[in-house]
Amino acid sequence: MSATPLAGLKVVEFTHMVMGPAAGAILAGLGAEVTRVEPEGGDHTRNLIGSGAGYFPMYNRHKGSVFLDLKNAEGLAEAKRLVGEADILIENFRPGALDRLGLDYETLSAENPGLIYCTLKGFLPGPYENRTALDEVAQMMGGLAYMTGPPGRPLRAGASVIDATGGMFGVIGILAALEERHRTGRGQKIQSALFETTVWLVGQHMAQKAVTGKAADPMPARISAWAIYDVFQTKDEPIFIGVVTDALWEKFCALFGLDTLWADESLRRNNERVKARDRILPVIRELLSGFTRDEIVARLEGSGLPFAPIGRPEELFDDPHLLASGALQPVRLPDGRETMLPALPIAMDGERPGGPAELAQPPA
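So, how was this worked out
- Residues numbered from 1 in each chain as written.
- Predicted model: local features only at pLDDT ≥ 70, side-chain atom pairs only at ≥ 80, totals over all residues.
- Heavy atoms only, no water.
- Helix = DSSP H or I, 4+ residues; strand = E, 2+ residues; numbered from the N terminus.
- Expected span 1.5 Å × (residues − 1).
- Buried < 20%, exposed > 50% of the residue type's maximum accessible area, 1.4 Å probe, protein only.
- Arc of directions from axis to C-beta.
- Contact = heavy atoms within 4.5 Å.
- Polar contact = N/O pair within 3.5 Å; in protein donor to acceptor, adjacent residues only side chain to side chain.
- Core = buried A, V, L, I, M, F, W, Y, C linked by side-chain atoms within 4.5 Å.
- Pairing = 2+ DSSP bridges.
- Right-handed = clockwise from strand over helix to strand, strands pointing away.
- Axes fitted to C-alpha atoms, helices over the stretch in contact; angles between N-to-C directions.
- Phe/Tyr/Trp six-rings, centres within 6.5 Å; stacked < 30°, edge-to-face > 60°.
- Lys NZ or Arg CZ within 6 Å of the ring centre and 35° of its normal.

Turning our eyes to something else, we now look at helix α3 (residues 73–84). With twelve residues, α3 extends 16 Å from end C-alpha to end C-alpha; this agrees with the ideal 16 Å at 1.5 Å per step. Buried within α3 are the following residues: Gly75, Leu76, Ala79, Leu82 and Val83. Buried positions in α3, seen along its axis, are confined to an arc of 120° and lie on one side of it. Those residues of α3 that are exposed and angled more than 90 degrees off the buried face are Ala73 and Glu74. Contacts made by the buried residues of α3 are with β1 (10–14), β2 (33–38), β3 (63–67), β4 (88–91) and α4 (105–111). Its side-chain oxygen placed 2.7 Å from the backbone nitrogen of Glu74, Asn72 serves as the N-cap of α3.

Right under this line is the structure:
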């Protein structure tokens, strides 16, 4: 049986897009009973196209769904009934949207003191709190886009990393509040936000400035902490290789016959190799360009050297490790087709949480 540590907990979601549904998906994947409250006609995220086409199937597995008109007295009463029986509420609509309906924390907790109310926004309380934010807005404001793109060309990360990570921080807060509720019997309001999540993620670059006195360069222009920590072109497909210790430098030189470089004792220490990158890298690039990617993988497998073929999302459906380890979960799509999508990336006592999943379905 799959691990379901949160079995028995009831969650009500007033969510859309990614951040809120991602938080609910984590709880649902861990066994909580999650019910989405969607507007009459359904959450419009169900019907997005283009880059949004995967939002609903990815973040709304293991959930139930009800369609309610919250501007109607009957629909609002039903929503309040659901919350009254719930342990957790998650919402990620614009600031004040649920408050105006009487679905604010103060009102609901008066009837349900144990309620943990998780609100996921663009910004935590402060001067920006009423601004509208999206994942991309937060990446641009918070310095992540600046660090991702080459100088002068800010570039958002290639996935909704802030939405998803912000949802994760919401779940961390929820689980902490559950633990506190075990001691006090009372719930509380949890807040997580896109902008502050981004700032936390770029904190390493802020710390670099504090430590060195020099602002961090965008990642494509950075001076790496290691001499060999890059993507290299082979005869066919590129591959990433990292040589991150002096012992691995010795091993790398032995694997690829780099006797001349190993004989140079001035390169035996990492920081000296970093200073000599302009001398070392052309030699290594030329050498590796004479191999196919698979030939390099065969040499590096089992060596302890970090390496990675450059994968694409569509290739992961057939990844042998993911398939063998249960990291992909069967999901039935709304049109009846079955596919495989990522399970929660954790194991508990050797078991992967979740199992075959249905999407949140419209009520019959």
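Back to the write-up after that little detour.
Within the largest apolar cluster, 30 residues are counted, with the highest numbers of intra-cluster contacts made by Val11, Leu27, Ala32, Ile88, Ile90, Ile116 and Ile174. Secondary-structure elements contributing two or more residues to this core are α1 (19–29), β4, β5 (116–121), α7 (161–184) and α8 (194–201). In this view, Ile116 contacts Asp87, Ile88, Leu89, Ile174, Ala177, Leu178, Gly187, Gln188 and Ile190; residues no more than four positions away in its chain are not counted. Listed in part, the 24 residues of the second largest apolar core include Leu248, Cys253, Leu258 and Val297.

This next bit is on the pairing of strand β11 (residues 338–342). As paired strands, strand β10 (residues 328–332) and β11 are joined by five bridges and run antiparallel to one another. Residue pairing across strands places Arg332 opposite Glu338, the latter belonging to β11. Connecting the antiparallel pair β10 and β11 is a turn made up of five residues, with Gly336 showing a positive phi of about 95°.

A word on the pairing of β5. With six of six residues buried, β5 lies mostly within the body of the structure. What you see with β5 is no split at all: Ile116, Cys118 and Leu120 on one side and Tyr117, Thr119 and Lys121 on the other are buried throughout. In the sheet, β4 pairs with β5 via four bridges, with the strands oriented parallel. In the strand pairing of β5, Leu89 is matched with Tyr117. For the segment spanning β4, α4 and β5, crossover handedness is right-handed. In this sheet, strand β6 (residues 189–193) lies alongside β5 in parallel orientation, the contact comprising five bridges.

With that settled, consider the sheet that holds β1. Spatial strand order, β3-β2-β1-β4-β5-β6: six strands in an open sheet with parallel pairing. For this open sheet the edge positions go to β3 and β6, each flanked by a neighbour on one side alone. The average undirected angle you get between the axes of adjacent strands in this sheet is 20°. As defined by bridge partners, β1 adjoins β4 across four bridges and the pair is classed as parallel. Bridge assignment links Val12 to a residue of β4, and that residue is Leu89. Packing against the sheet, α8 makes contact with β5 and β6, and its axis sits at approximately 65° to β6.

This paragraph deals with the packing of aromatic side chains. Remark: the centre distance and the inter-plane angle together describe each pair of aromatic rings, the angle taken between the planes. Within the structure shown, the criterion is met by nine aromatic pairs. With a centroid separation of 5.9 Å and an interplanar angle of 70°, the aromatic rings of Tyr128 and Phe195 are classed as edge-to-face. With Tyr128 in the loop between β5 and α5 (135–141) and Phe195 in helix α8, this pair connects stretches of sequence that are 67 residues apart. Residues Phe256 and Phe291 carry aromatic rings whose centres are separated by 5.7 Å and whose planes lie at 85° to one another, so their mutual orientation is edge-to-face. Placement of Phe256 in the loop between α10 (246–255) and α11 (259–263) and of Phe291 in the loop between α13 (277–288) and α14 (293–300) is noted, with a sequence separation of 35 residues between them. What makes Phe256 buried here is its relative accessible area of 6%. Every member of this aromatic cluster is reached through a ring pair, and the members are Phe123, Tyr128 and Phe195. Looking at Arg131, its charged tip hangs above the ring of Tyr128, at a distance of 4.3 Å from the centre. Note that Arg268 overlies the ring of Trp262, its terminal NZ or CZ placed 3.7 Å from the centroid.

Moving on, we come to the environment of Pro127. Inspection of the secondary structure puts Pro127 in the loop between β5 and α5. Accessibility expressed as a relative area gives 84% for Pro127, which makes it exposed. Between the alpha carbons of Pro127 and Asp318 there is a distance of 47 Å; along the sequence they are 191 residues apart.

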